[in-house]
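# Results of the structural survey
Residue-level listing of the chains:
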Amino acid sequence: MNQKLLDFLVCPTCRNSIHVKIKKKKGSEIIEGLISCEKCQDSFKIAKGIPRFVVDKTKDFVRTEEAFSAKWRKHHKNHQKKDWIDFQRKWFLDRYGWKTESNFNKFLDTKTKILDAGTGIGNSAKFLSSNPNADVFALDASDSIDFAYEKYGKLPNVHFLQADLRQLPFQRKFFDYIYSDQVLHHTKNTGTSFNYLTKFLTNSGDISIYVYNKKAPVREYVDDYIRNRTVKMSVEECTEFSKQMTYLGKSLAKLKKKIKIPYDIPILGVKAGEYDVQRFIYWHFLKCFWDESDNFERSVGVNFDWYSPKYAFRHTPSEVKKWFKDAKLNITTFKEIESGISVTGKKK
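Right, let's walk through the structure included here.

As a further point, take the side chain of Ser208. As for its placement among the helices and strands, Ser208 is situated in strand S9 (residues 201-212). Side chain to side chain, Ser208 and Thr344 meet in a polar contact 2.7 Å long. Setting aside residues up to four positions removed in sequence, Ser208 forms contacts with Tyr96, Tyr177, Ile178, Tyr179, Ser180, Val343 and Thr344.

Written out as structure tokens, the structure is:
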């Protein structure tokens with residue numbers, strides 16, 4: 001961690017000042033050390049250049065973070081490849097209405113303190129760091145933060161932390177932009193986690209989130225039925241099951257067949273139209289992801305991402321809109337797609 005980060009941190013437990021004992025340093029980077037609260041006496045390690053603030057030991061939280069740690073240990077390289085980064089970046093710009101990178105960078109030029117709440121392997125932190133005058137604070141509760149730091153740790157305006165987004169080591173009203181994409185639904189309670197994050201927005205701050213959308217009723221039933229078993233599996237067992245789902249998705253995709261549904265079938269959540277067979281089954285009946293670039297291991301990682309974590313909540317547009325209303329945020333962009341709901345809101 002860069003020593004500059006110390007100017008911004010407070011104790012995540014009581015929000016009071018901290019003291020740092022440096023054990024190993026390399027230039028301006030603190031490699032090993034101990035962070036201690038001057039009031040409540042809680043302490044947190046700095047290890048391998050990253051401050052470690054995660055203290056939640058409850059079973060379901062640990063299970064969820066272990067799932068993502070396992071995923072990124074296996075799949076961080078194929079998710080840091082250029083084709084995946086480019087795909088995710090284009091998908092992001094479309095979902096949040098920016099359309100072009102230039103438009104988004106103009107928005108970032110107005111921001112000085114940015115929170116990447118759930119950075120994973122750090123690709124989003126890199127994307128958020130275009131304004132050299134801004135500080136990006138990229139955190140994740142899982143071990144993915146180590147791979148993020150390894151890949152992007154030399155970026156001068158990005159600070160990586162291992163922390164729980166429900167227990168942040170910052171003062172309230174600190175960030176003028178908070179970004180939490182594909183993360184909040186993996187916390188203990190999506191709505192209360194979102195509300196907690198909004199407390200850290202400045203009076204004119206913006207927040208962008210993406211959460212899972214409720215799927216068609218049969219898909220929801222099947223998801224619950226399967227996940228009730230897979231979340232209890234070992235990493236190895238769930239990985240094997242995810243491979244089976246990947247082979248299924250691949251086989252369906254290779255059919256390259258389309259079907260035409262002439263009429264809406266409301267009870268199944270099916271709308272009239274033409275569908276690729278694999279996508280039709282995927283959205284309406286069973287998650288069996290297949291990466292169109294034919295990356296088998298990446299597809300296994302995406303399926304594992306769904307079947308292994310204990311927490312994977314789905315939400316309706318009306319639920320999400322209510323969160324923003326209750327937090328006194330004006331919605332500036334809102335987009336619902338099959339997989340999820342992308343929203344940006346601004347403090348009133």
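So, about a positive patch on the surface. A cluster of basic residues, Arg172, Lys199, Lys325, Lys328 and Lys348, forms a positive patch at the surface. Note that Lys348 resides in the segment after strand S13 (340-347). The exposure class assigned to Lys348 is exposed, which follows from its relative accessible area of 60%.

Examined against the element boundaries, Gln278 turns out to sit in helix H9 (residues 277-284). A relative accessible area of 3% places Gln278 in the buried class. Every residue in contact with Gln278, bar those within four places of it in the chain, is listed here: Gly249, Leu252, Ala253, Cys288, Phe289 and Trp290.

Read from one edge of the open sheet, 4 strands run S1-S2-S3-S4, paired in antiparallel fashion. Each edge of the open sheet is held by one strand with a lone partner, namely strand S1 (18-26) and strand S4 (50-51).

Among the residues making up helix H11 (residues 317-326), those that are buried are Val320, Trp323 and Phe324. The arc that holds every buried residue of H11, seen down its axis, measures 95°, which confines them to one face. When the buried face of H11 is taken as reference, the exposed residues oriented beyond 90 degrees from it are Ser318 and Lys325. Against the buried residues of H11 lie helix H6 (190-198), S9, strand S12 (329-336) and S13.

Looking now at the pairing of strand S5 (residues 113-117). Of all the 5 residues making up S5, 5 are buried; the element is thus mostly covered by neighbouring parts of the structure. Residues Lys113, Leu115 and Ala117 line one face of S5 and the alternating positions Ile114 and Asp116 line the opposite face, and both faces are buried. Both S5 and strand S6 (residues 135-140) contribute to a ladder of 5 bridges, which runs parallel. Bridge assignment links Ala117 to a residue of S6, and that residue is Leu139. For the handedness criterion, the β-α-β arrangement of S5, helix H4 (residues 123-128) and S6 is classed as right-handed. Two elements, S5 and strand S8 (residues 175-181), share 3 bridges in a ladder whose sense is parallel. Note that in S8 the partner of Ile114 across the bridge is Tyr177.

The subject of this paragraph is unusual backbone geometry. Phi at Lys173 is positive, roughly 55°, even though this residue is not glycine. Turning to its location among the elements, Lys173 is positioned in the loop between strand S7 (158-162) and S8. One non-glycine residue, Gln182, lies in positive phi territory at about 65°. Within the fold, Gln182 resides in the loop between S8 and H6.

The rules behind the values
Residues numbered from 1 in each chain as written. Predicted model: local features only at pLDDT ≥ 70, side-chain atom pairs only at ≥ 80, totals over all residues. Heavy atoms only, no water. Helix = DSSP H or I, 4+ residues; strand = E, 2+ residues; numbered from the N terminus. Polar contact = N/O pair within 3.5 Å; in protein donor to acceptor, adjacent residues only side chain to side chain. Contact = heavy atoms within 4.5 Å. Patch = residues over 30% accessible without salt bridge, like charges linked within 9 Å, V, L, I, M, F, W, Y side chains within 5 Å. Areas by Shrake-Rupley, 256 points an atom, 1.4 Å probe, with all protein chains shown as cover. Salt bridge = Lys/Arg side-chain N within 4 Å of Asp/Glu carboxyl O. Lys, Arg positive; Asp, Glu negative; His and termini not counted. Charge placed at Lys NZ, Arg CZ, Asp CG, Glu CD. Buried < 20%, exposed > 50% of the residue type's maximum accessible area, 1.4 Å probe, protein only. Pairing = 2+ DSSP bridges. Arc of directions from axis to C-beta. Right-handed = clockwise from strand over helix to strand, strands pointing away.

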